[in-house]
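# Survey of secondary and tertiary structure
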Amino acid sequence: MAPTGAVPPSTPRSAPPRFYVGNRRDGSRLLSSALVITGASLIRADHPAGRVIALVAGLLSLYWWLCYRKLQH
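Below: a short report on this structure. Given the structure is predicted, the values throughout are model-derived calculations rather than measurements. Residue numbering note: each chain is counted from 1, following its sequence as written. Restriction of local features to residues with pLDDT of at least 70 applies here, the model being predicted, together with a cutoff of 80 or more for giving and counting side-chain atom pairs; totals for whole chains, interfaces and linings are based on all residues. Note: side-chain values were computed over all heavy atoms of the structure, leaving out hydrogens and water.

Along the polypeptide, Ser33 turns up in helix H1 (residues 24-43). Burial status follows relative accessibility: with a 1.4 Å probe on protein chains alone, a residue under 20% of its type maximum counts as buried, one over 50% as exposed, and anything between as partly exposed. On the basis of relative accessibility, which here comes to 42%, the residue Ser33 falls in the partly exposed class. Sequence separation between Ser33 and Ala57 is 24 residues; the distance between their C-alpha atoms is 9.4 Å. Looking at Ser33, its side chain comes within polar contact range of the main-chain oxygen of Arg29, at 2.9 Å. Secondary structure is summarised from DSSP: a helix means a run of H or I of at least four residues, a strand means a run of E of at least two, and numbering begins at the N terminus for each. Polar contacts, as used here, are pairs of N or O atoms within 3.5 Å; protein pairs need one atom able to donate a hydrogen and one able to accept it. Residues neighboring in sequence count only if both atoms are side-chain atoms.

Glancing now at the side chain of Thr38. Checked against the element boundaries, Thr38 lands in helix H1. A polar side-chain atom of Thr38 sits 3.4 Å from the main-chain amide nitrogen of Gly58.

Let us now look at the nonpolar core. By size, the foremost hydrophobic cluster in this structure holds 7 residues: Tyr20, Leu31, Ala34, Trp64, Cys67, Tyr68 and Leu71. Ranked by residues supplied to this core, first place goes to helix H2 (residues 48-70) with 3 residues. Residues are treated as being in contact if the distance between any of their heavy atoms lies within 4.5 Å. Beyond its immediate chain neighbours, meaning those up to four positions away, Tyr20 contacts Gly27, Leu30, Trp64, Cys67, Tyr68 and Leu71. What makes a nonpolar core is a set of buried Ala, Val, Leu, Ile, Met, Phe, Trp, Tyr and Cys residues whose side-chain atoms join them at distances within 4.5 Å.

This brings us to the pattern of salt bridges. Should their charged atoms come close, side chains of opposite charge can pair. One side-chain nitrogen of Lys or Arg within 4 Å of one carboxyl oxygen of Asp or Glu is enough to make a salt bridge. A full pass over the atoms with the stated rule returns 3 salt bridges. One salt bridge in this structure joins Asp26 and Arg29, with 3.7 Å as the shortest N-O distance. A residue pair is termed a helical-turn pair when its members lie 3 or 4 positions apart in one helix, as Asp26 and Arg29 do in helix H1 at 3 residues. Residue Asp46 pairs with Arg44 through a salt bridge whose shortest N-O separation is 3.5 Å. Judged by relative accessible area, Arg44 falls into the partly exposed class, the value being 46%. A network of salt bridges, in which partner residues are shared, links Arg25, Asp26 and Arg29.

Here we come to H2. In an α-helix there are 3.6 residues to a turn, and that puts residues three or four apart on one side. Given a rise of 1.5 Å per residue, 23 residues ought to cover 33 Å, and the 34 Å separating the end C-alpha atoms of H2 matches this to within 8%. Buried within H2 we find Gly50, Ala54, Ala57, Ser61, Trp64, Cys67 and Tyr68. Those residues of H2 that are buried lie in contact with H1. To estimate the expected span of a helix, subtract one from its residue number and multiply by 1.5 Å.

A few words now on the packing of H1 against H2. Contact pair H1 / H2: the axes reach a minimum separation of 8 Å and the direction vectors enclose 155°. In terms of axis orientation, H1 runs roughly antiparallel to H2. Crossing of H1 over H2 shows left-handed handedness. Contacts between H1 and H2 involve Arg24, Gly27, Ser28, Leu30, Leu31, Ala34, Leu35, Ile37, Thr38, Ser41 and Leu42 on the former and, on the latter, Gly50, Ile53, Ala54, Ala57, Gly58, Ser61, Trp64, Trp65 and Tyr68. Class assignment for the residues of the contact of H1 with H2 results in 12 nonpolar, 7 polar and 1 charged. Only the stretch in contact is used when a helix axis is fitted, and all axes are lines through C-alpha atoms; the angle between N-to-C directions ranges over 0 to 180 degrees. Here roughly perpendicular refers to angles of 65 to 115 degrees, roughly parallel to angles under 35, roughly antiparallel to angles over 145, and oblique to all remaining angles. When the near helix sits turned anticlockwise from the far one by under a right angle, the crossing is termed left-handed; a clockwise turn instead gives a right-handed crossing. By the convention adopted, Pro, Cys, Tyr, Trp, Phe, Met, Ile, Leu, Val and Ala count as nonpolar, Lys, Arg, Asp and Glu as charged, and the other residues, Gly among them, as polar.

Right, dumping it as structure tokens:
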């Protein structure tokens, strides 16, 4: 008998949610938005919140750029 809460082997598992889109048009929109936020927050790099937002948006831009390069269409 299987333990309570275990998934039976015949049940397909759903894929984890993606944090990116599947086409180049929407991917470029995401990337450009993240770059604009990064640039705007770099203007206020003298404030701690500006540095945090620039860091997070910059890392997100890098991740989305890497995902964008993998898209075919």
